[in-house]
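Residues per chain are reported as follows:
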Amino acid sequence: MLRFTTAGESHGQALVSILEGMVAGVPLLAADIDAELARRQQGYGRGRRMKIESDHAELLSGVRGGQTLGSPIAMLIQNRDWKNWQEIMDPAPREGDPERKRQVTRPRPGHADLSGMLKYDRDDARDILERASARETTARVAAGAICRRFLRELDVTVGSHIIHLGGIDAKRPERMPNDLNAAADASEVRTLDKKAESEIIARIDAAKAEGNTLGGIAEVICSGVPVGIGSHVSWDRKLDGRLAAALMSIPAVKGVEIGLGVECARRKGSEVHDEIEADNNNLKTGGVRRRSNRAGGLEGGITTGEQLVLRVAMKPISTLMRPLATIEMKTREPAQAVAERSDVTAVPAMGVIAEAMTAFIVAQAFLEKFGGDSLRETRRNYDGYIASLSERTGR
Ligand code: EPS
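Since we're looking at a predicted model, the values are computed, not measured.

1. Section: the overall build of the protein chain
Phase 1 of the analysis: Scanning the protein chain for helices and strands turns up eleven helices and 18 strands.
Phase 2 of the analysis: Across its three principal axes, the protein chain shows a C-alpha extent of roughly 80 × 50 × 40 Å.
Phase 3 of the analysis: Across the 395 residues in the protein chain, those meeting the buried criterion constitute 49%.
Phase 4 of the analysis: Within the protein chain, residue pairs in contact and separated by at least 24 positions form 70% of the contacts whose partners lie at least 6 positions apart.
Phase 5 of the analysis: Total accessible area computed for the protein chain in this model is approximately 19200 Å², and 49% of it derives from carbon and sulfur atoms.
Phase 6 of the analysis: Considering the protein chain, the positive charge centre built from 57 side chains and the negative charge centre built from 55 side chains are found 2 Å apart.

2. Re the site of the ligand
Phase 1 of the analysis: Close contacts around the ligand come from His11, Arg40, Arg46, Arg49, Met50, Ser133, Ala134, Arg135, Thr138, Arg341, Ser342 and Asp343, and that covers them all.
Phase 2 of the analysis: Compared with its free state, where it exposes 470 Å², the ligand has 93% of that area covered by protein.

3. So, helix H1 (residues 30–41)
Phase 1 of the analysis: End to end, H1 covers 17 Å across twelve residues, agreeing with the expected 16 Å (1.5 Å per residue, within 8%).
Phase 2 of the analysis: Of the residues making up H1, those classed as buried are Ile33, Asp34, Glu36, Leu37, Arg39, Arg40 and Gln41.
Phase 3 of the analysis: Residues of H1 that are buried in the fold lie against helix H2 (49–52), strand S4 (57–59), strand S7 (73–78), helix H6 (137–153), helix H7 (180–185) and helix H10 (347–370).
Phase 4 of the analysis: A positive phi of about 120° marks Gly43, the residue just after H1.

What counts, and where the lines are drawn
Residues numbered from 1 in each chain as written. Predicted model: local features only at pLDDT ≥ 70, side-chain atom pairs only at ≥ 80, totals over all residues. Heavy atoms only, no water. Helix = DSSP H or I, 4+ residues; strand = E, 2+ residues; numbered from the N terminus. Buried < 20%, exposed > 50% of the residue type's maximum accessible area, 1.4 Å probe, protein only. Contact = heavy atoms within 4.5 Å. Areas by Shrake-Rupley, 256 points an atom, 1.4 Å probe, with all protein chains shown as cover. Lys, Arg positive; Asp, Glu negative; His and termini not counted. Charge placed at Lys NZ, Arg CZ, Asp CG, Glu CD. Near = heavy atom within 4 Å. Expected span 1.5 Å × (residues − 1).

Spelled out as structure tokens, the structure:
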């Protein structure tokens, strides 16, 4: 079973990411991971922190001579900001227990601060917010980068672009670019619509000026997945549910849609379902094609062989420079929430994180279906499956 776990606080010493269950023989360079980490750090609307950090994953185990070994892959990503926070984040008990600096006792509406303080019995919300911070997503992107590298060997790609930010819709081009990420990454807000791009940037500037924050929607597209990944037989094997859970777990994400998503509910059946026709040339779909892809590449929790199309909606960041009303936890008096340094929006970065989570779930489901301890074995099993699909086309 492919799985990963992360550890680390936002202003702690480092982040840790461990990916377990990846097959041996996948070509992997630290640069493959760093390239994804750098993509996550981009995006107009981020705060000064992103100028401090320049993320690099140190491969501690599981990779030798540029190939995975099949053993757990441990990665360490240092927090450069740690040097400014060492005293505040020191794991050792403090001599004489002096008052801690940078305590947070005015929880932010919309953040994990308050529920976390109550649940974990903490008087300082820093004990919660350090881990609830979006900094943790760096470690997810590192694990996702390895999954993406594995999938690339099986001709599967994952990309994303921003289709909404701060009240502005970005149009999809008539023809999607062949290299979606190259095109989206060329934009500071990762959109393919130039007109919307300048409107979005103006919105971000305006939100910043008023001490506000903005949310938005990323669309993730995963191409090259054959028919038959995931399963209808049990609730927890349905790939749509697994993707939704993984994407919903990204900080500040409040909605996930597959294909038409919520819009399905408003339409008649004839305007929702994708009609089927034979297409003997397309072996990955079992020799059929859909006339449309409103299902977003999933029917019954199983891939159809069409592109996976997922949309992920992020709420505005909950740290506002013009803070919202809350209470001071020590006195229970009305107060304004803490206004820590933060971002105006992180929607462009969220798209990259959503790609990483998608790559992880798809890689996990691939390994369930095709198994193997080495890439060669997985590929042989994969090729055998595609060959058996081709028998149906009479070839
Ligand atoms: C974050 C607040 C900001 C963001 C941070 C997430 O950091 P700081 O509090 O240090 O200014 O930049 O995001 C990252 C560090 C990152 O790598 O994405 C928050 O409160 O969630």
